[in-house]
Structures are given as structure tokens and as C-alpha cells.
Amino acid sequence: MTHPLDDPAWNSLHGAHARFAVVHGRAARYDHEVAPFHALSDPADPKAWDDLAELVPLGEAVVIPGAGGTARPGWETDTRIGGVQLVATTLRSEPAPGAVPLGAADVPEMLDLVERTQPGPFRKRTVELGTYLGLRSADGRLIAMAGERLHPRGWTEISAVCTDPGFRKRGLATRLVRAVAAGIRERGEIPFLHTSARNETAIRLYQGIGFELRKHTDFTQYRRTR
């Protein structure tokens, strides 16, 4: 039996996030407005890639987390991004004073913050994947946020962790990570997250507050060629 975090996208789409899933045989993807991720029951299975082709228009590029970075017949590797997966072990979780829940009405501000800080994929319905918390400046501007994304059974990913450049080095992101983690643990689940393997600063920060490296992974983009 594989671990739920070995393929968190597939396990999320066939579990807590089934309502966002588009499935064809051995392939699945999120609704395009929710997240860009696709998943295969077994990346080594050619039939799974054939099923994926039924979900992806010719010429379109898709992200398949953890598929290994090797293109199969009918596909080519478009962009390969190495990543790391970390799990919360000794993280102290606690509410963040001043943090407010974010919802559909806040999406324009959230998209603007994401565009300026580039924490990773975030679309106009990503906020529906779980709880999102934000911190606002004295004049009401959204200056930091974090929330929940992939949700395999027993685990929840912390994602979209970002801070306005003018408000960095104040510990805002750490406060929000601890607060999101508190909500996850209240459900009896374990927080985890992903970041780029090249982002050594972020890796050190997360390890410093109580996350532990579980594995190296990849977020390769593949393009359908036939």
C-alpha cells in the first residue's frame, strides 16, 4: 500500500476533492478554474497516459506532480521543476491574532497578491479547496495570506503562502502557516507542504519552524503532441 503523500493530487481527487474532479479511466484533473494539477493512477502505465489524452486538448501543457519528468509516447516534457515535500513534525500551531478568513469576495485581492509574489499556482476558485487566512494592513489592504490546497486522507497541504514585498521580514507568513496548521490539526489531520527544491531560503525557514523533509518530487509540465 502506498503512502497518501506519494501521490497527493490523485488521492485528493479521489477523496476530499472529488467534487472538483474530472475523471477519465486512470487519469484525473481538477476543474480548470480550481487548480492546474492532473494525476495518473500509475505514471508508469501507458493506458493512464492514453486516458489523460482524453482530458487534455492537443498541444495543451499540463502539470502532473510526481510523475518523474519522463515524457511518454504522445507527450513531450515542457518544463521540469524540482520540488520538495515537507511534513509538519514539531511545528507549533496556534491562531494568528488579526488573521481573517478569506473567501470568494476576496479573490481579486488574492489574485493580485499572488501575481506580485509568485508563490505558485492560484486560480479564481482555488479558495474553494479549503480554509484561507489573510492579514490586512491598517488601510485594509491584503498583505499576506496562506491556505489549504491538496487534501489526501489524513493530510492537508498548506499553500499560497505569500507576503507583500513591503511587509516582509515581520514574521507574517510564519504566523499564518501556524494558524492554518492549527485548523488542520483540529480536524485530526497533519499539515504538509511543497516548495521548489531550489528555494533554499524557504526550505530553511520551514525546517526552522518545525517541518521535516519527506521526499524530493517534481512538478513537471507535459505537453500533448498527438
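What you see is a predicted model, and the numbers here were worked out from it, not measured in a lab. (Residues numbered from 1 in each chain as written. Predicted model: local features only at pLDDT ≥ 70, side-chain atom pairs only at ≥ 80, totals over all residues. Heavy atoms only, no water.)

K.L.:
Can you break down the side chain of threonine 117 residue by residue, with the values?
P.N.:
Position of threonine 117 among the secondary structure elements: in helix H3 (residues 107-117). Residue classification places threonine 117 among the buried positions, given a relative accessible area of 15%. A distance of 2.7 Å separates a polar side-chain atom of threonine 117 from the backbone oxygen of leucine 113. Leave out the neighbours within four places in its chain, and threonine 117 touches Cys162, Thr163, Asp164, Pro165 and Arg168. (Helix = DSSP H or I, 4+ residues; strand = E, 2+ residues; numbered from the N terminus. Buried < 20%, exposed > 50% of the residue type's maximum accessible area, 1.4 Å probe, protein only. Polar contact = N/O pair within 3.5 Å; in protein donor to acceptor, adjacent residues only side chain to side chain. Contact = heavy atoms within 4.5 Å.)

K.L.:
Run through the packing of helix H4 (residues 172-186) against helix H5 (residues 200-209), naming residues and quoting values.
P.N.:
The interhelical angle for the contact between H4 and H5, taken along N-to-C directions, is 50°, at an axis separation of 12 Å. Taken together, H4 and H5 sit at an angle that is classed as oblique. Helix-helix and strand crossings are classified by hand; for H4 and H5 the assignment is right-handed. Contacts between H4 and H5 involve Thr174, Val177 and Arg178 from the first element and Leu205, Tyr206 and Ile209 from the second. Across the contact of H4 with H5, the residue classes tally to 4 nonpolar, 1 polar and 1 charged. (Axes fitted to C-alpha atoms, helices over the stretch in contact; angles between N-to-C directions. Parallel < 35°, antiparallel > 145°, perpendicular 65-115°, else oblique. Left-handed = near helix turned anticlockwise from the far one by under 90°. Nonpolar A, V, L, I, M, F, W, Y, C, P; charged D, E, K, R; others polar.)

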